[in-house]
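# Analysis of the macromolecular model
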Amino acid sequence: MENQKIKLSILERKIVAEKTCEVSCDLNGKEFNFLAGQYIRISVPKLFYFDPKGASRLFSVASSPNDKNKISVAFRDSGSGFKKTLMELPFGSLVDIEGPFGYFTLPKNQNQPIVLLVGGIGITPCISMIRYATEEKLSFPIMLLYSNRNMESAAYIPELTAIAKKNPYFLLKNKFGRIDENFVRQSVKNLAEPVWYAVGLPAMVSGMRDLLSHLGINESKVYFEDFIGY
């Protein structure tokens, strides 16, 4: 998809889990095209606090491509100068959006079941996929195996629970603690059938890739994306 650059204003902010903030920018009639699961670069004009990594960051888009009113990202509050700035910018402030980037997107084959192995804030590209698949009434089964420390730290749980009730093709399974072999075997009946998406911090993604390899899953059926602690 063609790279786009656009200036958008900060529209709203909300807390979606413990120490987890969602920031939305106002599309206001402008177009920004992306596929569910892709990410963007957000740049602020000036940092309020020093940040050694500079005035921009990469974030997966949490909103659906069908949402023409806003584009949203969510992140853990790590205390970085960039995130503190983004959380304190007055509503209406302009930021630069560039993208989209990445290939962590839904498969074209709608007969292919999907299992999403998600750790923590790795939910952001997946909530975009799940929202989009639900809106479009896509017919492939999507199972979300969602790992968090506890319920308070699990972003978007109320929405995911509501989607699971109305979308017969979507199944949510929460895990407080690490996703392990028993949990995967109990959740997925035919391990060879789905394509697998692993997303989260690098250690979690590496662990999931090792686990899938141990379970005999062909590497060609595994897609992954690391969140490198931005």
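Residues numbered from 1 in each chain as written. Predicted model: local features only at pLDDT ≥ 70, side-chain atom pairs only at ≥ 80, totals over all residues. Heavy atoms only, no water.

## Focus: the pairing of strand 6 (residues 94–101)
- Relative to strand 6, strand 1 (residues 4–17) is paired through 6 bridges, and the arrangement is antiparallel. Along strand 6, the bridge assignment pairs K5 with E98.
- In the sheet, strand 3 (residues 39–43) pairs with strand 6 via 4 bridges, with the strands oriented antiparallel. Opposite Y39, over in strand 6, you have F101 as the bridge partner. (Pairing = 2+ DSSP bridges. Helix = DSSP H or I, 4+ residues; strand = E, 2+ residues; numbered from the N terminus.)

## Let's talk about the pattern of salt bridges
- Within this structure, the stated rule accounts for 7 salt bridges.
- R131 is the partner of E159 in a salt bridge, and the nearest nitrogen-oxygen pair spans 2.7 Å. Here E159, found in helix 3 (residues 157–166), pairs with R131, found in helix 2 (residues 123–135); they are 28 residues apart in sequence, far enough to count as distant.
- For E159, a relative accessible area of 28% corresponds to the partly exposed category.
- Linking R185 and E181 is a salt bridge whose minimum nitrogen-to-oxygen distance equals 2.9 Å. Taken as a pair, R185 and E181 lie in helix 4 (residues 181–187) at a separation of 4 residues, close to a single helical turn.
- Here R185 falls in the partly exposed class, since its relative accessible area comes to 44%. (Salt bridge = Lys/Arg side-chain N within 4 Å of Asp/Glu carboxyl O. Buried < 20%, exposed > 50% of the residue type's maximum accessible area, 1.4 Å probe, protein only.)

## So, the pairing of strand 2 (residues 20–26)
- Most of strand 2 is tucked away: 6 of the 7 residues are buried.
- Hairpin connection, strand 1 to strand 2: the antiparallel pair is bridged by 2 residues, and K19 has positive phi, about 55°.

## Digging into unusual backbone geometry
- Here the bond from G99 into P100 is cis, since omega is 0°, no more than 30 degrees from zero.
- Mapped onto the elements of the fold, P100 is located in strand 6.
- Of note in this structure, N28 is not a glycine but carries a positive phi near 45°.
- Position of N28 relative to the elements: it lies in the loop between strand 2 and strand 3.
- A positive phi angle, near 70°, is found at Y156, a position not held by glycine.

## Re helix 1 (residues 81–88)
- Of all the positions in helix 1, only G81, F82, K83, T85 and L86 are classed as buried.
- Among the structural elements, strand 1, strand 2, strand 3, strand 4 (56–60), strand 5 (70–76) and strand 6 are those in contact with the buried residues of helix 1. (Contact = heavy atoms within 4.5 Å.)

## Observations concerning the nonpolar core
- Formed by 34 residues in total, the largest nonpolar core has its most connected members in L116, I123, L144, Y146, Y156 and L160.
- Only strand 1, strand 7 (114–119), helix 2, strand 8 (142–148), helix 3, strand 9 (170–176) and strand 10 (195–200) provide two or more residues apiece to this core.
- Here this core gets 6 residues from one element, more than from any other, and that element is helix 2.
- In this view, Y156 contacts V16, E22, A62, A74, I123, I127 and R131; residues no more than four positions away in its chain are not counted.
- V23, I40, V44 and V61 belong to the second-largest nonpolar core, a separate cluster that totals 22 residues. (Core = buried A, V, L, I, M, F, W, Y, C linked by side-chain atoms within 4.5 Å.)

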